[in-house]
Amino acid sequence: MDFQSIVDSYEMAAAVLSVEDKGDGRYGDIRIVRANSMYRKIMGEGYHDDMIYYELIPKEAKFEDFCYRCAVHKQHLHAYVDTKAMGVWTDGTYIPLSSSVDQGNIHYFIFFFEFTNGPDADNISDVSMDSASFVIKTCFKLRQSNDFCKCMTAVNCDIQEKTDSFCSSIVLVDTERDKSAILCAKFRNDCAKIDDFKDQLTNEVISSWKETVKNHDNIIVKDDVDMAELEKVNPLWAKSLRGANVKSLILVPLLRMDKILGYLFVTNFNTDRLVEIKEIIELVSFFISAEVANNNLMERLEFMSNVDLLTGLRNRNSMNYRVDLFVSGERKVSAPFGVIFADLNGLKQANDTGGHIAGDALLKKAANLLTEVFESYEIYRAGGDEFVVIAPECSKESFERKVAEIREKSCYGSEVCFAIGSHWDEKGMNLRLAMHLADEAMYADKNKFYENHPDKVRR
């Protein structure tokens, strides 16, 4: 057959490729047999007829699998993927050539493609009706509740069932702090649980995924050959997969721009439906990524509105909200409880002599001291140099020991010096009254401090 004439009939970049079938699902060389002028122009001077494809472009397992399925099994395929190694999105179509063209164990197909600089909505949405139905269902579930974890768990359960996998899980990561957490996991076997695999799914393994997916839109392992290839680039992960008896997997990074927020991780899925499952997983990951990014933003906004950014303690807004919950009856403070007001002495003098940098440093030390003594309790920076501690379920003896400890560690002459007032409430009926009495006691202690130490400049 005149392969050159075939590819020249296409206006977009097109080539005839061959695949060597080694039997039992294995393949050998994949060669670019002939290409049209557009293909040659895009690929540059490195191209020549009958070359092995990865002499021209980076080796890619998913591309090879599509080539094999198209050439050997005569499947018509389409893929729109993020070709990270080339910095573009590739819209590729695979069309098998007739078996009469094949020569022994060498099989042929036509591949034509075009690039886009970023994800194109029309191309992404060009999917089968079954995939589209599943993705739409996913979107509805993600919006059915304000409970982020509940929505993600429901969607993840659907993914496990749809992929007929042993396990589907969503892993969240904080790459800046090198931390990770399993958001949800659904197993085919209800007796299995994620803790059974904690020795294999360590933070070190999860951290290693970032480098592995760097030049890929996802990672797919469908057989022992793919596992051996994975082992070459990430032996730690491959070892953990074998330890967990994983034979096949799909790992898709959840991205916001170029930042990895987490991963969608499916193991031991139905490899006979690889093309369909790959399409579904890649599409669903877009919407899961958006939901994770939105939740992260909301958590960040909530953090910023409730945490004092200088000291890391809860702020006045958080304290007022806590009091409002108590007054409304929505959330009581477990009785008996104690309240401590601590006002930092000498802050104005620190600011006057060392500037606000010195004042900020003193406030941080004050926060650290309170955290050291009252670590298990609620600690607030109420504003300026004022701090409040609420100690629920605290016996009178324990409370008085804590008050004595903070007084001893912040007495006159200490680096951090507090004026302290406290009140212990046995029945826990009135938080506002307890705070008022502790506040009055603190001001009495502060007045006494400045009477005894006139050398300190009052704020």
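The structure under discussion appears in the preceding block.
Caption draft 1: Quick peek at helix α11 (residues 316-328). Between its first and last C-alpha atoms α11 spans 18 Å; for 13 residues at 1.5 Å apiece the expected length is 18 Å, and the two agree. Here α11 has its buried residues at Ser-318, Met-319, Arg-322, Val-323, Leu-325 and Phe-326. Buried residues of α11 fall within an arc of 155° about the axis and therefore sit on the same side. Here the buried face of α11 lies against α10 (274-306), β13 (378-383), β14 (386-391) and α14 (431-452). Capping the start of α11, Asn-315 holds a side-chain oxygen 3.2 Å from the backbone nitrogen of Asn-317, two or three residues further along. Positioned one or two residues after α11, Gly-329 has a phi angle of 90°, which is positive.

Caption draft 2: Spotlight on the packing of helix α5 (residues 129-142) against helix α6 (residues 148-163). As a packed pair, α5 and α6 sit with axes 8 Å apart at the nearest point and diverge in direction by 160°. Judged by the angle between their axes, α5 and α6 are roughly antiparallel. Every pair of crossing elements has a handedness; the one defined by α5 and α6 is right-handed. Contacts from Asp-130, Phe-134, Lys-137, Thr-138, Lys-141 and Leu-142 in α5 reach Cys-151, Met-152, Ala-154, Val-155, Asp-158, Ile-159 and Lys-162 in α6. In terms of residue class, the contact of α5 with α6 is built from seven nonpolar, one polar and five charged.

Caption draft 3: Region of interest: the packing of aromatic side chains. One pass over the structure, following the stated rule, counts 22 aromatic pairs. Each ring, one from Tyr-94 and one from Phe-109, has its centre 6.0 Å from the other, and the planes form 25°; the classification is stacked. Here Tyr-94, found in strand β5 (residues 88-96), pairs with Phe-109, found in strand β6 (residues 106-116); they are 15 residues apart in sequence, far enough to count as distant. The pair Tyr-94 / Phe-109 is uniform in exposure class, with both members buried. Ring centres of Phe-166 and Phe-187 lie 5.4 Å apart, and the angle between their planes is 70°; this geometry places the pair in the edge-to-face category. Of this pair, Phe-166 sits in the loop between α6 and β7 (167-174) while Phe-187 sits in strand β8 (residues 179-187), and the two are 21 residues apart along the sequence. Classification of Phe-166 as partly exposed rests on a relative accessible area of 22%. Every member of this aromatic cluster is reached through a ring pair, and the members are Tyr-39, Tyr-47, Tyr-53, Tyr-54, Phe-63, Phe-66, Tyr-94, Phe-109, Phe-111, Phe-113 and Phe-115. Here the basic side chain of Lys-332 rests over the ring of Phe-326, its NZ or CZ set 4.4 Å away from the ring centre.

Caption draft 4: Just the environment of Thr-163, in detail. Turning to its location among the elements, Thr-163 is positioned in helix α6. Among the residues examined, Thr-163 registers a relative accessible area of 1% and is labelled buried. As for Thr-163 and Thr-267, which are separated by 104 residues in sequence, their C-alpha atoms are 9.3 Å apart. Setting aside residues no more than four positions away along its own chain, Thr-163 makes contact with Val-266, Phe-269, Asn-270, Arg-273, Ile-277 and Ile-281. Side-chain polar atoms of Thr-163 contact the backbone oxygen of Gln-160, separated by 3.4 Å.

Caption draft 5: The arrangement of unusual backbone geometry in detail. The omega torsion of the bond from Ala-335 to Pro-336 falls at -5°, within 30 degrees of zero and hence cis. Phi at Asp-24 takes a positive value of approximately 55°, unusual for a residue other than glycine. Within the secondary structure, Asp-24 sits in the loop between β1 (13-23) and β2 (26-35). The backbone of Asn-268 shows a phi angle near 45°, a positive value even though the residue is not glycine. Within the fold, Asn-268 resides in the loop between β11 (259-267) and α10.

Caption draft 6: Spotlight on the sheet that holds strand β3 (residues 51-52). Strand order in the open sheet formed by six strands is β3-β2-β1-β6-β5-β4, and the pairing between neighbours is antiparallel. Looking at which strands have only one partner, the edges of the open sheet turn out to be β3 and β4 (77-83).

Reading the values: rules and limits
Residues numbered from 1 in each chain as written. Predicted model: local features only at pLDDT ≥ 70, side-chain atom pairs only at ≥ 80, totals over all residues. Heavy atoms only, no water. Helix = DSSP H or I, 4+ residues; strand = E, 2+ residues; numbered from the N terminus. Expected span 1.5 Å × (residues − 1). Buried < 20%, exposed > 50% of the residue type's maximum accessible area, 1.4 Å probe, protein only. Arc of directions from axis to C-beta. Contact = heavy atoms within 4.5 Å. Polar contact = N/O pair within 3.5 Å; in protein donor to acceptor, adjacent residues only side chain to side chain. Axes fitted to C-alpha atoms, helices over the stretch in contact; angles between N-to-C directions. Parallel < 35°, antiparallel > 145°, perpendicular 65-115°, else oblique. Left-handed = near helix turned anticlockwise from the far one by under 90°. Nonpolar A, V, L, I, M, F, W, Y, C, P; charged D, E, K, R; others polar. Phe/Tyr/Trp six-rings, centres within 6.5 Å; stacked < 30°, edge-to-face > 60°. Lys NZ or Arg CZ within 6 Å of the ring centre and 35° of its normal. Pairing = 2+ DSSP bridges.

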